[in-house]
Structures are given as C-alpha cells and as structure tokens.
Amino acid sequence: MKRNRVSARLLAAAAAVAGACGLAPAEAAWQPTRPVEIIVPAGTGGGADQMARVIQGIVQKHNLMSQPLVVINKAGGAGAEGFLDVKSSTRNPHKIIITLSNLFTTPLATGVPFKWEDMTPVAMLALDEFVLWVNAKSPYKTAKDYVEAIKGGQPHQFKMGGTGSKQEDQIITAAIEQATGSKLTYIPYKGGGDVAAQLVGGHVDSSVNNPIEAVAQWRAGELRPLCVFDSQRIPLQGKVTADMGWGDIPTCKEQGLDVEYLMLRGFFTTPGATPDQVAFYVDLFKKVRETPDWKDFMEKGAFNTTFMTGEEFKAWLKKAADTHRGLMEKAGFLAKS
Amino acid sequence: MEALTSLIHGFGVLGDPMNIVYMFVGIFLGVLIGVLPGLGGANGVAILLPLTFSMSPVSAIIMLSSIYWGALFGGAITSVLFNIPGEPWSVATTFDGYPMAQQGRAGEALTAAFTGSFFGAFVATLLLTFLAPVIARFALNFGPAEFFAVYLLTFCSFVGMGKESPFKVISAMMLGFALAAVGLDTVTGQLRMTFGSAELLRGFDFLVAVIGLFGVGEILLTMEEGLAFKGRSAKINLRVVLHTWKELPRLWLTALRGSIVGCWMGITPGGATPASFMSYGLAKRFSRNGARFGKGEIEGVLAPETAAHAAGTSALLPMLTLGIPGSPTAAVLLGGLLIWGLQPGPLLFVEQKDFVWGLIASIYLGNIAGLIVVLTTVPLFASILRIPFSIIAPIILVVCAVGAYTVHNALLDISVMLIFGVLGYLFKKLGYPLAPLVLALVLGDMAESSFRQAMLLSRGSLSIFWANPLVAILVTLALAMLFWPLISFVTERFGRKRPQMVPGQ
C-alpha cells in the first residue's frame, strides 16, 4: 500500500516536471535501445571526468535508465578528438558529450574545425567557479594586496600556474593582465591537482584553481583564497575552515579586480538528434539533479548550480562563444589561419 | 608506536568478512586486467568505479586498490611468456623475462617477478605506515626543474648501457622523441605533426606502440624462425617456486635498490614506468653479471618488478596526503575518493582514520593474498607455452588487437599497432635496440614539458637546474651517468694511443 502511494506521487511529480517544460507525455517516448556513451573530452581524473563518472554512478545507483551509461575519454588535441567524434556521429542518439571550456577555446586556439553549433545542445548542469589562490605563507591577505604587488613589481615577476595552454586558466590570466596592466608569467601544467600542489610547494605565486581542486589544501591551511571570479559570492553558508566558508570569499570585482569567468559543465548530443531524444536526456539530468548524491557533489565542489535547457541554453552558448572569441582575440591566442 | 596502534585498528576494520571477499574478487579481476594488454589498471579501475558507489568507502577502496595490486602482479605474466607487456611498467620485465621463458625457465622468471613485486610493495607499505607525513612533504619540493632532472636521470641511466652501437641507440631514441611529439603541445597549445588529420590528434600512445613493437614483432620473428615456442620444455610444478626462492636471497641488494628507486619515483610522482626502467638500468650497471643482462638473467626480472610495485604502492601516498595522484590509476582512485564523499589531502589522516588505516592494512593483506593467488597459478601460466604456436599465435594477435583498441577506443590504433609490429621486426633484424625508442616515447613528452615549464620559470636561464641542492644533485648525477662511457672511452683511447705516439716523435 505504502509503495503504491509513493509511486503514485512519483508519477505525479514526473508529470509535473513534464508539464512544466511544456512536453506532451508522448514525446518522452524515446528510450535508448543500447548503451549510451558519455564522451569526456579530457583525461581521466580531471573535473569533467569526475562529473561524468558521478553521473554514471548516480544513474546506476538510482536506476534512472534502462540501458547502461559508459564513460569514454577522448582527450586528444585538447579535447578536439572527442568533439570531432560527436560531430561526425550524426543521428546516433546513443552518444552524449560533457563539455568544459575547451568547447570554445580548442577550435579557436588550434584551428581544429568544430563549433558548438555542430552538435545538439542538451542542458547546462552547472557552472564551475574559479578562485584566485595564493600560498598561505605569502604576505597577500586580500586580492587587493596581490594586485598592488603585481602592479608594483617587475613585468613577468609573478608566476601564475594553470591547467593547459590557451584554455580557461590562461584566459583568466590574460584578463588579469589586462585589468592590472602588468604582465604575469603563465606556467601550463597537466591538471588542476598538479597546479594546486605546485602552489603549495611554492613553485608558482598564484593559481586560479576550481574550488574542488584546491579545497583540501585550503582546509589544511596551506592555500588562501583571495577572490572568486563571479558576479556574486558563492551562496554556500557552511564553514570550510575554522573561520571561513565559500560564501566568505569576496568577488574579485569587490576587490577592484574586474574579471569574471565561469566554466560550462553541460551536455551535448550528436547532430540531428530529434526533440524527443533531447527531451529524454533533459529529463534524465533533471532526475539526476534531484538526487541527494548530486546535491552533495555540487556542495563539495562549490559549483554554481544554474540549470538551463532549450532556447535559453542556446542563447547562453551563443553569448559565451562570443565572449571567448573576444577574450582570446585580445590575448592573442587565436590560431593563425 | 602510534602508527602501529593505528595499523592494528586498521586490521580490525578489515575483520569484516565481506571486505576480505571484496579483496579476493579485486585481486582476481586485477590479474585479469593486467594480463590483457591495453586494458590497464587505470581503465580497469575506471570501469569498475561506478559499481562501488553503493558500497561503504572502506569496502570500495579495498576492492579497487586490490584491482590495482592484481594488475601490477598480472602485468608481468604476458611480458615473460609472450614478450607482450600487459602494462607500461612491465616493458623492462620483458628484457630478461622473455629470454628466460625461451630457455624453458618461465616458471623461475614468473616466480622472481611476483616475489620481487611483493617485496617492493612491502617495503613501500612499511614506508607508508611509518613515514607517511614526513615523506609527503618531500614531494612538494618537486617543481618543473626537479621533474626534468628525474627524467634526465632515467634517460642517462639507460643510454649507453646496450651492446649496440651508440649511433643505433641514438637513432632509436630520436625516433621515439619524434613520435612522442605528435599531438597537442601542452606548453603552447598548438598541434604538432598532425598534418590536419583528426586521428593523429591524440598522438601515438605508448601502449599501442609497445603492444606492436614487442608483441606483434615477436610473433613475426617466431613465424620466421619455425612456428614454435622455444620455451616448451618449461617445468610445470610448484617446486620451481621453492627452487627459485632459494636463489633469491642472494639478490637482496638488487631487490633493495629496486625498492628504493621505486618508492622514490612513486612519491615524487614519477610513476612506476620510469621507476622500472631506471631500476633495470641501475641493476645492469652495478651487477657483477651486468654483461649477461638481456639474455635471461633473473636479476633483470627482479629489478624492474620490485621497482614497479614499490612505485605503484607509494604512488598512493601523495594521493592520500596531498591529493596529487602519483599515477594514472591513482588519479582515477582520487576521483573515487571525492565521489565517496572523502576529501584527499593533508586532513585525511586526521579525519578519516578508519578509511586510511583500513586501506593501509588492506595493502598488506592484499599483497599477501595477491602473492598466493599468482604463485599458485605459476604452473598454469607456464603451461600455456605448451599449447602449439599455430593455436596460440592467432589468439595472441586478437588479444593484442583488442588491447590496442581499448586504449583509446580507436580503430586506427589497430593499424598503428600492426605498423609498429613491422617496425619492431625490422629493428630486431637490423640490430637496433627497442628499449631507447620505448623509453623516449613514454618519457619524451613529460621530459619536454617539464623542461619548458622550467625555462618559463627561469625565463630561459639554465641555471635553474643548479638552483637548489636537490635539483643540482639530480642533474649532476645524470650527467655523470651520461658521460661515464665517454669518459672511460676517452681515457682508454688516450691511454692506448700515447705509447704509439712516442716512437713517432
């Protein structure tokens, strides 16, 4: 009896969800008929890979899909390999790809021919924040101190560590250079974990690690967050260290460093996917978002949990693509063609 | 003493019989993964990771790390039997392991490999138990310059050790560097030598090359030489294990050196692959039997295996204490930690005592269990060599092809593997050494990026390689290693020439 009531309530909830996004029930009819591949255009162990595997685990644990999800890494050429694979799999709806900023940056920096319009957008699941970090032993207590030091020092004196070349970390670095009018030395490393360790070891002066990449070192009192590159503070109240939480980190703009950057964590599927195929995945991600495991993951990584689909998502992508082109053009990162 | 009480507590956590079951299941799966070339420990753990989300973190990490130990053990099996390294770190094991199998001593080689693995892991685990916090700090001293110095040392301890002409060694190494450069340049973000082809974007994977060069190349050679395995006379009973064990204590120095090299490379985090090469190079240089290396010397199996397993185990240390993975597999496990709601980093040892000490205790038990599993199967594996070549060769080729495909899920890689197979055959025929090529291919990329990162830091000044005692010692040691043959050659030449010149004057 009890079970019946629960499932009835679930049905009602599902109907409400379907109704809310204006779908006729019949449209949710498409179901995958074989295993679905999640392509990760990055290596194992990175942020996108972790998120893909969390989703795989949640789907499996809560039995959200009749067919299994398989995670496949295609990291070649700064992720170009993965995007080209999806682009060339027209009308194969059993393939979705998780994106990071290389969706925009890789084609611009390398000239490999793909763009976001080549694929079918599904949903934005979250936005990843960026935080300016320094070593806790350094004298800089606020972003203001650090910016003053950069302005007062020699050009190239301050070293910024980051992931990859001509990708999000270096774009932010270039934006900081433009905002301060002073040059930094950018050192590209393989992954965010390496960067955080190099900063703790004092080999670089600062980094723009994502929260999840540096939170352990912050809690251990080895790194200090100076500001977050978002328009508002991270809306999390809990304490991470004894006296500070994510919400206590000021925005960079508050500190007089007018730089904003967020990284897309979203999904695309192959070109030519039909609306009911897209609707299936949107629905799946909505269910994933409802699970406590996902909420926990979002909070641990201090993600910005904005969710977007459909036209709204497309408009956001269009704007983000333009922003990236502008930022990379200003920084001189565009591939010569 | 505190470490000891914590460890005993850790064994208590393991007391749950389910955890022991998970451990054996993990070891068994790991050995399978290690045997299949291409399906490396990292892939294996990644595939099975989602299965563990519903377990408790302690059980999950016990099972996954057992897979890792199993894969470390299993990698040696195909290297010895068929000259096919199942894992990158077992390449060096083929150098002497395969000749031993050809002489009918496969059982001995496998026993030495497994025992060496166990010993290396045991030393590394002791280190993990008692010195974890101290040693973890050491890894932080490693910046780009220090990393480059370590890679340089690996190259230098390897160059000039072969009997082949230096010209051939250098050509093979340069080819390796060239192949390693294909794909994305991480420092400038530009594509190199991809010639507009989407398939070349990912570059040449080390594993695909190795499966071709060693596995396929070997099959081509065997076909030419008479369609039969040479190692058919292998003794297949368990006495071979005991017999080999009697011999091993003599080689304690090699095993100890391998463990030290391995622990150091695992912590820094250079990884198991360079560790195995470096250990082999050092063993060859310092052994009394150095000249016989490559022809089936048991020391040549012991050295790389000990180092690889020590490195594989100690790679967990920077992962647990600093959140820096020391190997690709550790990177996947790191992702797992986050998903289970644990935060790797300096506080893990304080906040998650059950988890950490349960894991460390499971390393002890896991390795003992692993050793038992693999040693009892030595006769089984050795008897594979009795299967007629005409049956086993096609199976090996299929397994190789599947392995090459699995690395990146790319069909083209199977063709790449076959081309490398022909290349491996030609190299053998023409007397070019394969090891320098493989070494350059696996380390070339990392050595290049750390060199260029160091140059960015120092703004182009080479003085960064003597900027602190750590890096200065490493670089000086490497250069001494590199020029030692040259120095001895010159002094020898000089010494011989002088008496001849006297009459001329």
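Residues numbered from 1 in each chain as written. Chains lettered and ligands numbered in written order. Predicted model: local features only at pLDDT ≥ 70, side-chain atom pairs only at ≥ 80, totals over all residues.

Q: Could you give me a rundown of the overall build of chain A, with the residues and numbers involved?
A: Counting its secondary structure elements, chain A contains eleven helices and eleven strands. Expected size for 337 residues packed as a compact globule is a radius of gyration near 20 Å; at 21 Å, chain A falls within 12% of this value. Across chain A, the fraction of contacts at a sequence separation of at least 24, relative to all contacts at a separation of at least 6, is 77%. (Helix = DSSP H or I, 4+ residues; strand = E, 2+ residues; numbered from the N terminus. Rg over C-alpha atoms; globule rule 2.2 N^0.38 Å. Contact = placed C-beta atoms within 7 Å.)

Q: An account of helix α8 (residues 166–181) of chain B is needed here, citing residue identities and associated values.
A: Residues and elements named next belong to chain B. Counted at 1.5 Å a residue, the expected span for α8 with its 16 residues is 22 Å, and the 22 Å between its end C-alpha atoms agrees. Within α8, the full set of buried residues consists of Val 169, Ala 172, Met 173, Gly 176, Leu 179 and Ala 180. Buried residues along α8 cover an arc of 120° about the axis, so they all sit on one side. In this structure, the buried side of α8 is in contact with α21 (435–458). (Expected span 1.5 Å × (residues − 1). Buried ≥ 20, exposed ≤ 12 C-beta atoms within 10 Å, placed from the backbone. Arc of directions from axis to C-beta.)

Q: Give a description of unusual backbone geometry that names residues and reports values.
A: For Lys 166 of chain A, which is not a glycine, the phi torsion comes out positive at approximately 55°. Mapping Lys 166 of chain A onto the fold places it in the loop between β6 (159–163) and α6 (168–180).

Q: An account of the nonpolar core is needed here, citing residue identities and associated values.
A: In terms of nonpolar packing, the biggest core is built from 266 residues, with Phe 267 of chain A together with Val 80, Leu 110, Ala 149 and Val 438 of chain B touching the most fellow members. The biggest single contributor to this core is helix α4 (residues 57–82) of chain B, with 17 residues. When residues of this core are assigned to domains, at least three fall in each of domain 1 (32–128 + 263–331) and domain 2 (131–248) of chain A. (Core = buried A, V, L, I, M, F, W, Y, C linked by C-beta atoms within 7 Å. Domains from an automatic or database assignment.)

Q: Can you explain the sheet that holds strand β7 (residues 185–189) of chain A? Please cite residues and give values.
A: Residues and elements named next belong to chain A. What the five strands build is an open sheet, ordered β7-β6-β8-β5-β9; its pairing is mixed. Both outer strands of the open sheet, β7 and β9 (223–228), are each paired with one neighbouring strand and no more. Seen against the sheet, helix α7 (residues 192–200) touches β5 (131–135), β6, β7, β8 (206–207) and β9 and runs at an angle of roughly 155° to β6. Along the sheet face, helix α8 (residues 211–219) touches β5 and β9 and points at about 140° away from the line of β9. (Pairing = 2+ DSSP bridges. Axes fitted to C-alpha atoms, helices over the stretch in contact; angles between N-to-C directions.)

Q: Could you give an account of the interface of chain B and chain A, naming the residues involved and the relevant values?
A: Residue-level contacts link 44 residues of chain B with 43 residues of chain A. Only α3 (41–48), β1 (183–184), α15 (328–339) and α21 of chain B provide two or more residues apiece to the side of chain B that touches chain A. It is α15 of chain B that provides the largest number of residues to the side of chain B that touches chain A, a total of seven residues. Grouping the amino acids of the side of chain B that touches chain A by side-chain chemistry returns 26 nonpolar, 16 polar and two charged. (Nonpolar A, V, L, I, M, F, W, Y, C, P; charged D, E, K, R; others polar.)

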